[in-house]
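Tertiary structure, described
Listed below, chain by chain, are the residues.
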Amino acid sequence: MKNKLLIITILVLIYSLIPQLGGKTYAQGVSVGIYPPIMQMDTTAPTNANADFYLQNQSQESVDFNIIVKPFRPNNNIDGEIELVDNIASFPDPLFVNRVKVLSEGEAIKSLSIGPKQTEKLVLEVTLPPNQIKGDYYFTVLFVSSPKSLIKTNSTLTQTSIGMNVLLTVGPKGKTEGLISKFDTPFFVNTGPIAFKVQITNKSGHYIAPTGEIIVKNMLGNEKGKVKLMPVNILSNSSRYIPDLSQADPDSSEYKKIEDIILKQDLPVAVFNQRFLLGIYTATLNIALNENGPSFRKTITFIAFPITYLLSIFIILGIITFIILRVRRKIN
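Because the structure is predicted, anything quoted here is derived from the model rather than measured.

**Some details on the sheet that holds strand β18 (residues 211–217)**
Read from one edge of the open sheet, five strands run β16-β23-β22-β18-β19, paired in mixed fashion. The outermost strands of the open sheet, each flanked by one partner alone, are β16 (188–189) and β19 (223–228). Relative to strand β23 (residues 295–304), β16 runs parallel, the two being bridged by two bridges. If you follow valine 189 over to β23, its bridge partner there is alanine 304.

Written as structure tokens, this is what we have:
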């Protein structure tokens, strides 16, 4: 009986010590989408710059929208999020939003109604006078639904809103400047996956769209894997942390594998998804700020030593040795 209890204890220890291996918005049944969710426009003044976009009502009821144009700027959290500017007077060109129009069938509109399961083709038009100051202009075209009573017996109201962020560059563009402001990971890690913090600072007068990857090699110089960075926009004179490409789709199997690591972080990270690592490794970040550069490279070193696995093995071996010695004593 004691031997059976000891075996059960061993199985429990083994199980416990060895780690397991292994552009829409909705409100009260109303679903709407806007495509593209981010519009990029590069032009020079004077001009009437325009581009098509689509607003889709995916719900079973008609939706009435009011159209609002608001400037935005990057927030101070360096996580890629933005904040709308309510005080138009603080915008570099307070009159700029008056030059932004939404057209439907060639006519400027400030509101529209879309029937159920319908898609409306619209045109964004920006009028730039000859004296328009060069630089970047960031604004959101908001479509805010008119409040509707949810229950006739009370006054509960709901609104649906969706926006398209517009990055407008009035050129010609100046020189692209920036730097790798942070690239690191803990120097000592127990096991993978490895979370890298990649922060890029844009010192240009226009937004940039960096592309890059992280190459991980072992102490012999053999490549262990690559981490592709997600394509993102970094607004002028701002910084942003860049995650890896697998995080572009939170429903993908690749994302699910690293979801626990991502949720533990306070900032976006690029994840190297390899669990068992042992030894000294180098990670090299290669990044280009735009299609034509400039490009930068930075290499860091980290050490992986799987203490948890080794302790588990030592404890299990110790228990097995203890059992063997006891059995031998009884036999003798």
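**Points about the pattern of salt bridges**
According to the stated counting rule, one finds five salt bridges in the structure shown. Across the salt bridge formed by lysine 121 and aspartate 52, the nearest N and O atoms sit 3.5 Å from each other. You can see lysine 121 sitting in strand β10 (residues 118–128) and its partner aspartate 52 sitting in strand β4 (residues 47–57), a full 69 residues away along the chain. Of the charged contacts in the structure, one is a salt bridge between glutamate 213 and lysine 228, with a shortest N-O distance of 3.0 Å. Taken as a pair, glutamate 213 in strand β18 and lysine 228 in strand β19 lie far apart in primary sequence, 15 residues in all. Classification of lysine 228 as partly exposed rests on a relative accessible area of 47%.

**A closer look at the nonpolar core**
With 29 residues, the main nonpolar core has Leu124 and Phe143 as its most contacted residues. The element best represented in this core is strand β14 (residues 161–171), accounting for five residues. Listed in part, the 27 residues of the second largest apolar core include Val198, Ile214, Ile287 and Phe302.

**Structural notes on the packing of aromatic side chains**
One pass over the structure, following the stated rule, counts eight aromatic pairs. Ring centres of tyrosine 281 and phenylalanine 302 lie 5.5 Å apart, and the angle between their planes is 15°; on these two criteria the pair is classed as stacked. You can see tyrosine 281 sitting in strand β22 (residues 279–288) and its partner phenylalanine 302 sitting in strand β23, a full 21 residues away along the chain. Phenylalanine 302 carries the same exposure label as tyrosine 281, and that label is buried. Here a set of aromatic residues connected by ring pairs shows up, and it is made of Phe183, Phe196, Tyr281 and Phe302. Stacked on the ring of tyrosine 207, the Lys or Arg lysine 173 has its end atom at 5.4 Å from the ring centre.

**With respect to helix α2 (residues 253–263)**
Taken as a whole, α2 has its buried residues at Tyr255, Ile258, Ile261 and Ile262. Relative to the axis of α2, the buried residues are bounded by an arc of 110° and lie together on one face. Exposed residues lying more than 90 degrees from the buried face of α2 are Ser253, Asp260 and Leu263. Of the surrounding elements, those touching the buried residues of α2 are β17 (194–202) and β21 (270–272).

**Structural notes on the confidence of the model for the chain**
Residues at a pLDDT of 70 or more form 84% of the chain, whose mean pLDDT is 84. Element-level pLDDT for the chain is lowest in helix α1 (residues 2–17), with a mean of 34, against a maximum mean of 97 in β18. Predicted confidence for residues 1–22 stays below pLDDT 50, and this span has 17 contacts to residues more than four positions away or in other chains. A low-confidence stretch, residues 149–157 stays under pLDDT 50, and its non-local contacts, those more than four residues away or across chains, total nine contacts.

Cut-off values and rules
Residues numbered from 1 in each chain as written. Predicted model: local features only at pLDDT ≥ 70, side-chain atom pairs only at ≥ 80, totals over all residues. Heavy atoms only, no water. Pairing = 2+ DSSP bridges. Helix = DSSP H or I, 4+ residues; strand = E, 2+ residues; numbered from the N terminus. Salt bridge = Lys/Arg side-chain N within 4 Å of Asp/Glu carboxyl O. Buried < 20%, exposed > 50% of the residue type's maximum accessible area, 1.4 Å probe, protein only. Core = buried A, V, L, I, M, F, W, Y, C linked by side-chain atoms within 4.5 Å. Phe/Tyr/Trp six-rings, centres within 6.5 Å; stacked < 30°, edge-to-face > 60°. Lys NZ or Arg CZ within 6 Å of the ring centre and 35° of its normal. Arc of directions from axis to C-beta. Contact = heavy atoms within 4.5 Å. pLDDT = per-residue confidence, 0-100.

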